Amino acid sequence: MAEYTTVSIPKDLADRVDETIEGTSFQSTSDLVRFLLRSIVIQHQRQGELTEAEFEEITEQLRGLGYLE
């Protein structure tokens with residue numbers, strides 16, 4: 001059985017994520033966060049270290065989803 005840890009995000013961000021995932025296959029904020037983090041980790045593992053451009057692209061995607069200001 002997998003072990004879990006808790007990640008805290010501001011309530012207003014969680015509310016924005018809830019609005020964002022409406023009508024998608026994501027059932028919760030946790031589902032979306034797991035998906036995003038897994039995607040980033042897999043990309044990193046496949047390519048080695050992220051380039052500055054890749055990091056910026058990921059940052060912009062997270063900003064667009066409301067995870068970053």
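Heads up: the structure comes first, above all this text.
Residues numbered from 1 in each chain as written. Predicted model: local features only at pLDDT ≥ 70, side-chain atom pairs only at ≥ 80, totals over all residues. Heavy atoms only, no water.

Moving on to the overall build of the protein. Looking only at helices and strands, the protein has three helices and zero strands in total. Written out in order from the N terminus, the α and β elements of the protein read α-α-α. If one aligns the C-alpha atoms of the protein with their principal axes, the spans along those axes are about 35 × 35 × 25 Å. Out of the 69 residues in the protein, the part that is buried amounts to 20%. Considering only residue pairs separated by 6 or more positions, the protein has 37% of its internal contacts joining residues 24 or more positions apart. Accessible area of the protein: about 5700 Å², with a carbon and sulfur share of 53%. (Helix = DSSP H or I, 4+ residues; strand = E, 2+ residues; numbered from the N terminus. Buried < 20%, exposed > 50% of the residue type's maximum accessible area, 1.4 Å probe, protein only. Contact = heavy atoms within 4.5 Å. Areas by Shrake-Rupley, 256 points an atom, 1.4 Å probe, with all protein chains shown as cover.)

Our next topic: the layout of surface pockets. Looking at the largest pocket, its volume works out to about 340 Å³. Around the largest pocket, the lining residues are Glu3, Tyr4, Thr5, Thr6, Val7, Ile9, Thr29, Ser30, Val33, Arg34, Leu37 and Arg38. Here the residues of the lining of the largest pocket are counted per class, giving five nonpolar, four polar and three charged. There is about 150 Å³ of room inside the second largest pocket. The wall of the second largest pocket is formed by Phe35, Leu36, Ser39, Ile40, Gln43, Glu54, Glu57, Ile58, Gln61 and Leu62. Secondary structure elements with two or more residues in the lining of the second largest pocket: α2 (29-47) and α3 (52-64). Among the residues forming the lining of the second largest pocket, the class breakdown is five nonpolar, three polar and two charged. (1 Å grid on protein atoms, 1.4 Å probe; cavity = no way out; pocket = protein on both sides within 12 Å on 5 of 7 lines; lining within 4 Å. Points joined across faces, edges and corners; volume = space filled by probe spheres on them. Nonpolar A, V, L, I, M, F, W, Y, C, P; charged D, E, K, R; others polar.)

Let us now look at the pattern of salt bridges. Scanning all chains against the criterion turns up two salt bridges. Lysine 11 serves as the salt-bridge partner of aspartate 15, at 2.7 Å between the closest nitrogen and oxygen. Of the two residues, aspartate 15 and lysine 11 both sit in helix α1 (residues 11-21), four residues apart, roughly one turn of that helix. By relative accessible area, which is 60% here, lysine 11 ends up exposed. (Salt bridge = Lys/Arg side-chain N within 4 Å of Asp/Glu carboxyl O.)

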